[in-house]
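Listed here are the chains, written in short residue letters.
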Amino acid sequence: MTDTTTDKKRVLVIGAGGFIGGFIAAEGLRRGLDVTAAIRKSTSRRYLTDPRLHFLTLDYDDPRTVAEAMQAALPEGERWDYVIHNLGATKCNNPDDFDRINFGYVRTIVEALKAVGKIPEKFLLMSSLSAIGPGDEKNYTPLTIDTPARPNTRYGVSKIRAEQYLINESGIPFVIFRATGVYGPHEQDYLMMIKSIDSHLDVGMGYRKQMLTFIYVDDLVNAMYDALPSDATTGRSYIISEPRAYTQREFRTMVSKALGDRFVIPLKLPMWVVYIASVAAETVGRLRHKPSTLNRDKFKIMKQRNWACDVTPACRDFGFKVEYPLERGVEATVKAYLEEKRRSKHS
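Lay out the overall build of the protein in plain terms, naming residues and giving numbers.
Within the protein, the regular secondary structure consists of eleven helices and eleven strands. Its C-alpha radius of gyration of 20 Å places the protein within 12% of the 20 Å reference for a compact globule of 347 residues. In the protein, which comprises 347 residues, the proportion classed as buried is 50%. Across the protein, contacts joining residues at least 24 apart in sequence account for 78% of those joining residues at least 6 apart. Working note: accessible area of the protein is about 16,600 Å², and carbon and sulfur atoms make up 52% of it. Of the charged side chains in the protein, 50 are positive and 42 negative, and the gap between their average positions amounts to 6 Å.

Explain a nonpolar patch on the surface to me, using residue names and the numbers behind them.
A cluster of nonpolar side chains, contributed by L201, F263, I265 and L267, occupies part of the molecular surface with about 360 Å² of accessible area. For L201, the location among the structural elements is in strand β8 (residues 201-205). For L201, a relative accessible area of 32% puts it in the partly exposed group.

How would you sum up the sheet that holds strand β1 (residues 10-14)? Please name residues and give values.
A sheet is described by the order of its strands in space; here seven strands give the open sequence β3-β2-β1-β4-β5-β6-β10, paired in parallel fashion. Among the strands making up the open sheet, the edge pair consists of β3 (54-57) and β10 (236-240). Adjacent strand axes in the sheet meet at a mean angle of 20° when their direction is disregarded. Alignment of strand β6 (residues 174-179) against β10, held across five bridges, turns out to be parallel. Among the inter-strand pairings, R178 is bridged to a residue of β10, identified as I239. Contacts from helix α3 (residues 96-115) reach β1, β4 (82-85) and β5 (122-128), with the element oriented near 180° to β5.

Quick one: what's the story with the nonpolar core, residue by residue and with numbers?
Among the nonpolar cores identified, the biggest contains 100 residues, and I20, M70, F123, F177 and L220 are the most heavily contacted of them. In terms of residue count, the dominant contributor to this core is α3 (nine residues).

I'd love a proper account of the packing of helix α7 (residues 248-258) against helix α11 (residues 326-346), names of residues and values included.
Contact geometry for α7 and α11: axes closest at 9 Å, N-to-C directions at 45°. By the criterion of interaxial angle, the relationship of α7 to α11 is oblique. The chirality of how α7 crosses α11 is right-handed. Taken together, the residues of α11 that come into contact with α7 (itself represented by F251, M254, V255, K257 and A258) are L326, E327, V330, E331, V334 and L338.

If you had to explain unusual backbone geometry to someone new, which residues and values would you point to?
A negative phi holds for most residues other than glycine; trans holds for most peptide bonds. With phi around 85°, H186 is a residue other than glycine that occupies positive phi space. Mapped onto the elements, H186 comes out in the loop between β7 (181-183) and α5 (189-198). Phi at H289 takes a positive value of approximately 60°, unusual for a residue other than glycine. Inspection of the secondary structure assignment puts H289 in the loop between α8 (271-288) and α9 (296-303). We classify H289 as exposed; its relative accessible area is 69%.

Kindly report on the environment of E68, identifying the contributing residues and their values.
Within the secondary structure, E68 is located in helix α2 (residues 63-73). E68 sits in the partly exposed class, given a relative accessible area of 43%.

I'd love a proper account of the packing of α5 against α11, names of residues and values included.
Their axes nearest at 11 Å, the elements α5 and α11 cross at an angle of 70°. Here α5 lies roughly perpendicular to α11, going by the angle between them. From α5, L191, I194, K195 and D198 reach across to α11, where they touch T333, V334, Y337 and K341. Broken down by class, the residue content of the contact of α5 with α11 amounts to four nonpolar, one polar and three charged.

Explain the pattern of salt bridges to me, and be specific about the residues and the numbers.
Following the criterion strictly, the structure yields 28 salt bridges and no others. With a shortest N-O distance of 3.5 Å, E111 and K114 are connected by a salt bridge. Here E111 pairs with K114, and both are found in helix α3, just three residues apart, close to one helical turn. Salt-bridge contacts for R252 lead to D202; the nearest nitrogen and oxygen are separated by 2.9 Å. Of the two residues, R252 sits in helix α7 while D202 sits in strand β8, which places them 50 residues apart along the sequence.

I'd like a rundown of the packing of aromatic side chains, residues and numbers included.
For the structure shown, the criterion picks out 16 aromatic pairs. Measuring from ring centre to ring centre gives 6.0 Å for Y183 and F214, while their planes differ by 85°; the resulting arrangement is edge-to-face. Here Y183, found in strand β7, pairs with F214, found in strand β9 (residues 214-216); they are 31 residues apart in sequence, far enough to count as distant. As far as the burial class goes, Y183 and F214 line up, both buried. Summarising the aromatic geometry, the rings of F318 and F320 are spaced 6.5 Å apart at their centres and angled 55° between planes, so their arrangement reads as tilted. Taking the relative accessible area as the measure of exposure, F318 reaches 10% and is therefore buried. Three or more aromatic residues joined by ring pairs form one cluster here, namely Y183, Y190, F214, Y216, Y246, F251 and Y324. The ring of Y140 has K209 lying over it, and the distance from NZ or CZ to the ring centre is 4.2 Å. Its guanidinium or amino end placed over the ring of Y324, R328 lies 3.9 Å from that ring's centre, counting from NZ or CZ.

How each quantity is defined
- Residues numbered from 1 in each chain as written.
- Predicted model: local features only at pLDDT ≥ 70, side-chain atom pairs only at ≥ 80, totals over all residues.
- Heavy atoms only, no water.
- Helix = DSSP H or I, 4+ residues; strand = E, 2+ residues; numbered from the N terminus.
- Rg over C-alpha atoms; globule rule 2.2 N^0.38 Å.
- Buried < 20%, exposed > 50% of the residue type's maximum accessible area, 1.4 Å probe, protein only.
- Contact = heavy atoms within 4.5 Å.
- Areas by Shrake-Rupley, 256 points an atom, 1.4 Å probe, with all protein chains shown as cover.
- Lys, Arg positive; Asp, Glu negative; His and termini not counted.
- Charge placed at Lys NZ, Arg CZ, Asp CG, Glu CD.
- Patch = residues over 30% accessible without salt bridge, like charges linked within 9 Å, V, L, I, M, F, W, Y side chains within 5 Å.
- Salt bridge = Lys/Arg side-chain N within 4 Å of Asp/Glu carboxyl O.
- Pairing = 2+ DSSP bridges.
- Axes fitted to C-alpha atoms, helices over the stretch in contact; angles between N-to-C directions.
- Core = buried A, V, L, I, M, F, W, Y, C linked by side-chain atoms within 4.5 Å.
- Parallel < 35°, antiparallel > 145°, perpendicular 65-115°, else oblique.
- Left-handed = near helix turned anticlockwise from the far one by under 90°.
- Nonpolar A, V, L, I, M, F, W, Y, C, P; charged D, E, K, R; others polar.
- Phe/Tyr/Trp six-rings, centres within 6.5 Å; stacked < 30°, edge-to-face > 60°.
- Lys NZ or Arg CZ within 6 Å of the ring centre and 35° of its normal.

Next up, the structure:
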């Protein structure tokens, strides 16, 4: 057992090795918390280099060893004040893996915390707007936290199952974040779009109007640490997004400007072409035993036309605000991309 006696609030970050996880760990340290990064044995620690971090290695497919590792991580009778569950799968070769990872691992972590007597003050689950599913694509009414959940993807279904477990079965204090698309340095999906625009081409899907929403990673992480200590957030769910929506043209224009007014050719593909490409990419991914970013589940997400949402409850309950509106966030993301590009060129 490691002696981790501290007067600081403790936070356990589940899934700390991912894009968002590194920012969660860093912000926890910046705010003076004692941070434990939960990772797999195979997880890269590229963005987890601060010597103040504690590490907890977990095998999420083995509930018994998860409980044993948690028991050994802190002295008897002590606990993490907060647990942030940021672990999840957005693409899988085997569709059943969405449920195993996005729902099953949440249950494993919660049941382990209960079994070893380390129930936190608050457990924050990173869910997704995909847990709601398609909204109003006629009048483009913003999604709200009360919009009936009708997820139409395996990813979204797995997220709503995790939410329902917390609400109906867990018996622990929780808060749920349904985040829109998260972007920032190190993120890969939006990076693909930036690289395409850097190559003078912006590929869009479908001809009907699409309204997109974004949240810069720093704004998301700050919202987590603002929501966790608030009594008003216990047992509640929140949509986390920049309050306004954008067209793809607006996003393209901002990226082009950040790249030095890059000349860009917009290309619109009909949805049937995107669907065929999605099926083909998914098939190739399965043959290579490597999940493809483009797949039939992702196709349904890209097909959705209205991602506008209402974040009023988050503003009311814990003072949620956006410091990085899209233009500023794009500038920061592109700057990090160009710096990495220069390093790679000279290495």
